[in-house]
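# Observations on the model geometry
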2 protein chains.
Amino acid sequence: MENLKNKILSYTPVNVADIDYIFQFYSKIHLRKGEKLIKPGDKVDYFYYLDVGCVNYYKMEKGEIKVLEFYTEDVFFTDLYAYVQNAPATCFLEATEDTTVYAIEKINVEKSFGKSHSLERFGRLSMQDAFVRTFTRIERLNNRTYEERYLRLLNKRPGLIQRVPQYLIASYLGLTPVGLSKIRKRLVKN
Amino acid sequence: MENLKNKILSYTPVNVADIDYIFQFYSKIHLRKGEKLIKPGDKVDYFYYLDVGCVNYYKMEKGEIKVLEFYTEDVFFTDLYAYVQNAPATCFLEATEDTTVYAIEKINVEKSFGKSHSLERFGRLSMQDAFVRTFTRIERLNNRTYEERYLRLLNKRPGLIQRVPQYLIASYLGLTPVGLSKIRKRLVKN
DNA sequence: TTTAGTCGTTAAACTGGTTTAATAAAAATG
DNA sequence: CATTTTTATTAAACCAGTTTAACGACTAAA
């Protein structure tokens, strides 16, 4: 759990006792390619840290897959809406390759954050970080062409295209597989 | 500052002493229609609470306005990227009508959150809330038509259309004034 | 009260996507 | 390893938006 520890400490100093305290609640989960952490209807009372692998956060709508996000190494994730609201999940969290995550139950998150002011601060700062990232994504969705968004994805998340099938990338970018194929064709020509 | 107090308490209990402590740092700011809180290049070291009025969060690109968000009554806001990174602003925060906000300096936010575990928790939970809202917006941007997005805006933020010129609404939705006009025409026909 | 500027609508031509369907290529499975 | 299934490409027809430009209504300023 060295990666997770460093991740936490990247946000704010936390003393060893508090780290140890919260670590007692984490359990390690192995997922084989295609296995799901969460599916619609599930209770969502775990918060996850992705150690190795890749998880696809998506929903099904009119029989179509709509990719919301790909979580890869060294990020926190869950179906946050359902987690916060105690609502049944409407999305899937599914490994796109063999994956290892660490999981902590919501009640133990709150317990740890309640016990330690530093851990609470880590929680705030990591949430702030997630918010800033998400907001800059909104900016792109509204103001960039699909081509710009595809090129940016290639640039900002190198390797993702090799790890994940292209039709999922297309969905993540908000277009169809056919549309992405055309954009790729256009790009090699120039 | 009763509204602000209730807003904080809506996230988590905070004792009166801690509320009073952070309140000493807030100052009230009146903005006339068109006045700017932030413009590109500015240092952003205040966090704001919108009490009454409306603030347009936007950027200029190739001479075009790109609206990112409209902040209205009872929300927290700032140019968060610049605030967090201590980077010069790249966006504007401009009142679209006469507006009253409360402002607190970043250093005093950190001081208050450092002093009070409950205030820190409020910070975490409000950030979580902001994150969840933003994430659900991403979902819409990727998976809904412009028409659906316009109808949803009418529904979820009634009154906004009357407060804000239509070309800004168009920009917020990611389309041109002409495009929005066509959608509106289509809608009255049906 | 005229004048200048802003805002929303409309029309026409255009464009970058979608949809549907066929086909090829690659991967999974018995 | 032969078969089935999944994934990516291509083509053709289509469509929901854009761009440009003109016009009328409203607003602000002199």
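In this text the structure is predicted, and so the values were computed from the model without any measurement. (Residues numbered from 1 in each chain as written. Chains lettered and ligands numbered in written order. Predicted model: local features only at pLDDT ≥ 70, side-chain atom pairs only at ≥ 80, totals over all residues. Heavy atoms only, no water.)

## Considerations on the sheet that holds strand β3 (residues 46-52) of chain B
All names here are of chain B. Definition in use: Pairing between strands is defined by DSSP: at least two bridges between them are needed. What counts as a helix is a DSSP run of H or I of at least four residues, what counts as a strand is a run of E of at least two, and both are numbered from the N terminus. Interaxial angle, 0 to 180 degrees, is taken between N-to-C directions of lines fitted to C-alpha atoms, where a helix line uses only the stretch in contact. Residue contacts are defined here by distance: any two heavy atoms, one from each residue, within 4.5 Å place the two residues in contact.
Strand order in this open sheet of four strands is β1-β8-β3-β6, and the pairing throughout is antiparallel. Of all the strands in the sheet, just β1 (27-31) and β6 (75-77) have a single pairing partner and so form its edges. Across the sheet, the axes of successive neighbouring strands diverge by a mean angle of 30°, strand direction being ignored. In the sheet, β1 pairs with strand β8 (residues 99-105) via five bridges, with the strands oriented antiparallel. If you follow histidine 30 over to β8, its bridge partner there is threonine 100. Across the sheet, helix α1 (residues 2-9) touches β3, β6 and β8, and the angle it forms with β3 is around 115°.

## Some thoughts on the protein's contact with DNA strand D
Put simply, the test is: When at least one non-hydrogen atom of a residue lies within 4 Å of a molecule or strand, that residue is treated as near it. Residues adjacent in sequence count toward polar contacts only when both atoms are side-chain atoms; beyond that, a polar contact is any pair of N or O atoms within 3.5 Å, and within protein one must be able to donate a hydrogen and the other to accept it. When residue character is reported, Ala, Val, Leu, Ile, Met, Phe, Trp, Tyr, Cys and Pro are called nonpolar, Asp, Glu, Lys and Arg charged, and the others, Gly included, polar.
If you check the shell around DNA strand D, you find 14 residues, and the closest are Gln166(A), Tyr167(A), Thr176(B), Lys182(B) and Arg186(B). Sugar plus phosphate, as a fraction of atoms of DNA strand D within 4 Å of the protein: 71%. Between Lys185(A) and DNA strand D, the recorded distance is 3.4 Å, taken from a side-chain N or O atom to a phosphate oxygen. Side-chain polar atom of Arg186(B) to a phosphate oxygen of DNA strand D: 2.9 Å apart, as the coordinates give it. Grouping the constituent residues of the surface near DNA strand D by class yields six nonpolar, four polar and four charged.

## Re the relation of the copies chain A and chain B
To keep things clear, this is the line we draw: C-alpha atoms of residues with pLDDT of at least 70 in both copies form the basis for the least-squares superposition of the copies.
Mapping chain A onto chain B calls for a rotation angle of 180° and an axial translation of 0.0 Å; the resulting RMSD is 0.0 Å. What the superposition gives is, in effect, a two-fold axis relating one chain to the other. If distances are taken from each C-alpha of chain A to the rotation axis, the shortest is found for Arg124(A), at 1.9 Å. Both copies contact each other with a shared surface, as 98% of the interface residues of chain A are interface residues in chain B too.

## A look at the nonpolar core
Operational definition: The definition of a nonpolar core used throughout is a set of buried Ala, Val, Leu, Ile, Met, Phe, Trp, Tyr and Cys residues joined through side-chain atoms within 4.5 Å. Each residue is assigned to one of three classes by its accessible area relative to the maximum for its type, calculated with a 1.4 Å probe on protein chains only: buried under 20%, partly exposed between the two thresholds, exposed over 50%.
Among the nonpolar cores identified, the biggest contains 89 residues, and Phe76(A), Phe77(A), Phe76(B) and Phe77(B) are the most heavily contacted of them. For this core, the leading source of residues is helix α5 (residues 117-143) of chain A, giving eight residues. With sequence-adjacent residues up to four places away left out, Phe76(A) is seen in contact with Leu4(A), Lys7(A), Ile8(A), Tyr11(A), Tyr26(A), Phe47(A), Tyr48(A), Tyr49(A), Tyr71(A) and Phe122(A).

## Let's talk about the environment of Gln24(A)
Residue placement: Gln24(A) occurs in the loop between α2 (16-23) and β1 (27-31). For the pair formed by Gln24(A) and Asn108(A), sequence separation is 84 residues and the distance between their alpha carbons is 9.6 Å.

## Notes on the domain arrangement of chain A
Residue and element names in this part refer to chain A. Note the cut-off: Either an automatic procedure or a domain database provided the assignment from which the domain bounds are taken. As a working definition, buried area equals the accessible area (1.4 Å probe) given up by two parts on being put together, with both sides summed. One speaks of a salt bridge when a side-chain nitrogen belonging to Lys or Arg is within 4 Å of a carboxyl oxygen belonging to Asp or Glu.
Per the domain assignment, the segments of chain A are domain 1 (2-143) and domain 2 (144-190). Here the C-alpha centroids of domain 1 and domain 2 sit 25 Å apart. On the domain 2 side, the residues contacting the 18 residues of domain 1 number 13 residues. Per-residue buried area on domain 1 facing domain 2 is highest for Val67, Phe70 and Arg140; these three make up 41% of the total on that side. Connecting domain 1 to domain 2 are three salt bridges.

## Here's the deal with the interface of chain A and chain B
For an interface, size is often stated in terms of accessible area lost upon the parts coming together. Listed per partner, the contact involves 41 residues of chain A and 40 residues of chain B. Three residues stand out in chain A for area buried against chain B, namely Arg124(A), Phe131(A) and Asn142(A), and they jointly supply 18% of the buried area on that side. Run the count over chain A and chain B and you get 17 residue pairs in polar contact (both at pLDDT 80 or more). Secondary structure elements with two or more residues in the side of chain A that touches chain B: β4 (55-61), β5 (64-71), α3 (80-85), α4 (106-115), α5 and α8 (166-173) of chain A.

## Details of unusual backbone geometry
Residues and elements named next belong to chain A. Its identity as a non-glycine residue notwithstanding, aspartate 74 has a phi of 70°, on the positive side. The residue aspartate 74 is located in the loop between β5 and β6 (75-77) in this model. Note on aspartate 74: relative accessible area 31%, which makes it partly exposed.

## Looking at α5(A)
Basically, it comes down to this: Each helix should span, by expectation, one fewer than its residue count multiplied by 1.5 Å.
Helix length check: α5(A) (27 residues) gives 39 Å between terminal C-alpha atoms against 39 Å at 1.5 Å per residue, within 8%. Counting buried positions along α5(A) yields 22 of 27 residues, so the element is predominantly enclosed.

## A short note on the pairing of β8(B)
Residue and element names in this part refer to chain B. Of all seven residues that make up β8, six are buried, and the element is covered over most of its length. Summarising the sheet, β3 and β8 pair through six bridges and their orientation is antiparallel. Each bridged residue has a counterpart across the sheet, and for leucine 50 the counterpart in β8 is valine 101.

## Some thoughts on the protein's contact with DNA strand C
Contacts to DNA strand C come from 15 residues, most closely from Tyr146(A), Thr176(A), Lys182(A), Gln166(B) and Ser181(B). Protein-adjacent atoms of DNA strand C, using a 4 Å cutoff, are sugar or phosphate at a proportion of 71%. A distance of 2.7 Å separates a phosphate oxygen of DNA strand C from a polar side-chain atom of Thr176(A). Here a phosphate oxygen of DNA strand C and a side-chain polar atom of Arg186(A) are 3.2 Å apart. Elements with a contribution of two residues or more to the surface near DNA strand C: α9 (177-189) of chain A together with α8 (166-173) and α9 (177-189) of chain B. Of the residues assigned to the surface near DNA strand C, the class counts are six nonpolar, four polar and five charged.

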